[in-house]
Amino acid sequence: VLFILGGLIIPTINLTGLNFNKYIEERTVAFLNPTEDPTSEWRLTMWSVQLEKFKESPIWGEGFGGYWYVIFPDGTTANVSPHNYYVQTLVKLGIIGMLLYISIVSKIFFKMLNYLRIIKRKKIPEKPLVLLGFCVLITMHVYYFVYSLEYYSLIYLGLALAVILDKRNYPE
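Residues numbered from 1 in each chain as written. Predicted model: local features only at pLDDT ≥ 70, side-chain atom pairs only at ≥ 80, totals over all residues. Heavy atoms only, no water.

Observations regarding helix α5 (residues 127-143)
The first and last C-alpha atoms of α5 sit 24 Å apart over 17 residues, in line with the 24 Å expected at 1.5 Å per residue. Listing the buried residues of α5 in full gives Lys127, Val130, Gly133, Phe134, Val136, Leu137, Met140 and His141. Buried residues along α5 sit against α4 (85-118) and α6 (152-165). (Helix = DSSP H or I, 4+ residues; strand = E, 2+ residues; numbered from the N terminus. Expected span 1.5 Å × (residues − 1). Buried < 20%, exposed > 50% of the residue type's maximum accessible area, 1.4 Å probe, protein only. Contact = heavy atoms within 4.5 Å.)

What follows is the structure in structure tokens.
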């Protein structure tokens, strides 16, 4: 099904004037050789500079009032988030905040996984919401390597957790 959809969607995108294959090739460089990609190189430098701020207060972080002002090694400055949720969390909340975040996300992950195991072969109309929430939980944490928190993803997590917490959605 994915190949068929890809076979239909990619040519349609190319008809709009965008070259999908060229775009994928360009973005692949960001992962294979980040120094050859300007945005990847900028991110790596930003992460390095932000992690230096983390070292100033590693346990508790600098708190939310510090904003993002940094000076790069070449003397240029920036006042934007580090484009990495994990670096951002370490800088703002320190190791304590990161550990709290990991514990909350782990609890949600295992709660969803456990629920999906329990209802494996049962017909529960809300099962797709939990499956979607589970997929979103995983993909948003991949996304966080190059961006900050995406609030819309929390809607799907909330819906999935609402299904799980409603005891009427458990098989008898």
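Quick word on the pattern of salt bridges
Tallied over the entire structure, the rule returns six salt bridges. Notably, a salt bridge pairs Lys92 with Glu62, separated by 2.7 Å at the nearest N-O pair. Remark: Glu62 occurs in the loop between α3 (38-56) and β1 (69-71) and Lys92 occurs in helix α4; sequence separation between them is 30 residues. Linked by salt bridges that have partners in common, Lys53, Glu62 and Lys92 make up one network. (Salt bridge = Lys/Arg side-chain N within 4 Å of Asp/Glu carboxyl O.)

Points about the environment of Pro73
Along the chain, Pro73 turns up in the loop between β1 and β2 (77-79). We classify Pro73 as exposed; its relative accessible area is 75%. Between the C-alpha atom of Pro73 and that of Leu100, which follows or precedes it by 27 residues, the distance is 32 Å. In contact with Pro73, not counting residues within four places along its chain, are Thr45 and Val49.

Points about the packing of aromatic side chains
A ring pair, where both rings are aromatic, is described by two values, the distance of the centres and the angle of the planes. Going through the model one piece at a time under the given rule, you end up with 10 aromatic pairs. An angle of 35 degrees between the planes, with centres 4.5 Å apart, marks the rings of Tyr85 and Tyr144 as tilted. Here Tyr85 is found in helix α4, whereas its partner Tyr144 is found in the loop between α5 and α6, with 59 residues between them in sequence. Note on Tyr85: relative accessible area 12%, which makes it buried. Overall, the relative accessible area of 0% leaves Tyr144 in the buried class. (Phe/Tyr/Trp six-rings, centres within 6.5 Å; stacked < 30°, edge-to-face > 60°.)

What about the packing of α5 against α6?
Remark: α5 packs on α6, axes separated minimally by 8 Å, with the N-to-C direction vectors making an angle of 140 degrees. Classified by the angle their axes make, α5 and α6 are oblique. Along this stretch, α5 crosses α6, giving a crossing that reads as left-handed. Facing α5, whose interface residues are Leu129, Val130, Leu132, Gly133, Val136, Leu137 and Met140, α6 presents Ser153, Leu154, Tyr156, Leu157, Leu159, Ala160, Val163 and Ile164. When the residues that make up the contact of α5 with α6 are grouped by side-chain class, the tally is 13 nonpolar, two polar and no charged. (Axes fitted to C-alpha atoms, helices over the stretch in contact; angles between N-to-C directions. Parallel < 35°, antiparallel > 145°, perpendicular 65-115°, else oblique. Left-handed = near helix turned anticlockwise from the far one by under 90°. Nonpolar A, V, L, I, M, F, W, Y, C, P; charged D, E, K, R; others polar.)

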